[in-house]
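# Summary of structural features
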Amino acid sequence: MSDYLLLEIDAEHDKEIEVVLENGRTAGKAISCFLSTLSCYLDPKISNENEVTEWFSGVEESISNINCLADSLYHGDWNYNPDDYERFLIETSLTTISKEKFISSVHQVDEKWKDIRETVETVDELISLLQCNPGKFTNTWFFDQDYSLREFKALARGLQLGINQGAHKVRLRFY
């Protein structure tokens, strides 16, 4: 699982913002675990444990746009154009990926861009929901009341920084 989170923003020049906790440490592990589990919950092709279903159904009932977070994340370095296959092969060790799969992956990552204001509103709603209902949203293997909330607050600060820098779109890259 990825440990670090970068916000890719579309400000004047494409830019990355590292999501950092108040103590200066890099955030990402708790958010990655949470959002990866949320993605599984939202995927109708995946059968989830009762714990996951019960937990996230409460989130989904309260935050109608929670899928914007799950839909904006990706793992690894996929900052390529469809015609960058040769460069991709040189820069990575994934030499078994076909050109068709590479192009498909580039298009999938390109679809991860989301409206940054909508994203920060969703993160703020999530923080408020989780803080106001600690009895309902208890600690589990994909969420820790203290650590996860600290990371989501760091994410909100990073998103606000992106807005302040003129960004309109964002995607969450875990590495």
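In what follows, the accompanying structure is described. (Residues numbered from 1 in each chain as written. Predicted model: local features only at pLDDT ≥ 70, side-chain atom pairs only at ≥ 80, totals over all residues. Heavy atoms only, no water.)

### Here we look at a negative patch on the surface
- Taken together, the side chains of Asp115, Glu118, Glu121, Asp124 and Glu125 make up a negatively charged region of the molecular surface.
- For Glu118, the location among the structural elements is in helix H6 (residues 116-132). (Patch = residues over 30% accessible without salt bridge, like charges linked within 9 Å, V, L, I, M, F, W, Y side chains within 5 Å. Areas by Shrake-Rupley, 256 points an atom, 1.4 Å probe, with all protein chains shown as cover. Salt bridge = Lys/Arg side-chain N within 4 Å of Asp/Glu carboxyl O. Lys, Arg positive; Asp, Glu negative; His and termini not counted. Charge placed at Lys NZ, Arg CZ, Asp CG, Glu CD. Helix = DSSP H or I, 4+ residues; strand = E, 2+ residues; numbered from the N terminus.)

### Details of the packing of helix H1 (residues 29-42) against helix H7 (residues 145-164)
- Interhelical geometry of H1 versus H7 gives an angle of 95° and a closest axis separation of 8 Å. Comparing the axis directions of H1 and H7 gives the class roughly perpendicular. Seen from H1, the contacting residues are Lys29, Ala30, Ile31 and Phe34; seen from H7, they are Tyr147, Ser148, Glu151, Phe152 and Leu155.
- Grouping the amino acids of the contact of H1 with H7 by side-chain chemistry returns 6 nonpolar, 1 polar and 2 charged. (Axes fitted to C-alpha atoms, helices over the stretch in contact; angles between N-to-C directions. Parallel < 35°, antiparallel > 145°, perpendicular 65-115°, else oblique. Contact = heavy atoms within 4.5 Å. Nonpolar A, V, L, I, M, F, W, Y, C, P; charged D, E, K, R; others polar.)

### A short note on the state of the cysteines
- One pass over the structure, following the stated rule, counts 0 disulfides.
- Not part of a disulfide, Cys68 finds its nearest cysteine sulfur in Cys40, a span of 18 Å.
- For Cys68, a relative accessible area of 4% gives the class buried. (Disulfide = S-S within 2.5 Å. Buried < 20%, exposed > 50% of the residue type's maximum accessible area, 1.4 Å probe, protein only.)

### A short note on the pairing of strand S5 (residues 169-174)
- Of all 6 residues in S5, 5 are buried; the element is thus mostly enclosed.
- Where strand S1 (residues 5-9) meets S5, 5 bridges bridge the pair, whose relative direction is antiparallel. Among the inter-strand pairings, Leu5 is bridged to a residue of S5, identified as Phe174.
- Two elements, strand S3 (residues 73-75) and S5, share 3 bridges in a ladder whose sense is parallel. In the sheet register, Tyr74 faces S5, and the bridge partner there is Arg173.
- Strand direction decides the pairing type here: strand S4 (residues 114-115) and S5, joined by 2 bridges, are antiparallel. Looking across to S5, one finds that Asp115 is bridged to Lys169. (Pairing = 2+ DSSP bridges.)

### Some words on the pattern of salt bridges
- Counting across every chain of the model gives 6 salt bridges.
- The shortest N-O distance in the salt bridge between Arg173 and Glu8 comes to 3.1 Å. With a gap of 165 residues between them, Arg173 in strand S5 and Glu8 in strand S1 connect regions that are remote in the sequence. Glu8 shares its class with Arg173; the two are buried.
- One salt bridge connects Glu91 with Arg87, and the closest N-O pair in it is separated by 3.2 Å. Within this pair, Glu91 and its partner Arg87 are both found in helix H4 (residues 85-91), separated by 4 residues, close to a single helical turn.
- Among the residues examined, Arg87 registers a relative accessible area of 34% and is labelled partly exposed.
- Residues participating in the shared-partner salt-bridge network are Glu8, Glu16, Arg171 and Arg173.

### A closer look at helix H5 (residues 99-110)
- If you check H5, its first and last C-alpha atoms are 16 Å apart, about what 12 residues at 1.5 Å a residue would give, namely 16 Å.
- Taken residue by residue, H5 has Phe102, Ser105, Val106 and Val109 as its buried positions. The buried residues of H5 all sit within an arc of 100° when viewed along its axis, so they share a single face.
- Tucked into the core, H5 has its buried residues touching S3, H4 and S5. (Expected span 1.5 Å × (residues − 1). Arc of directions from axis to C-beta.)

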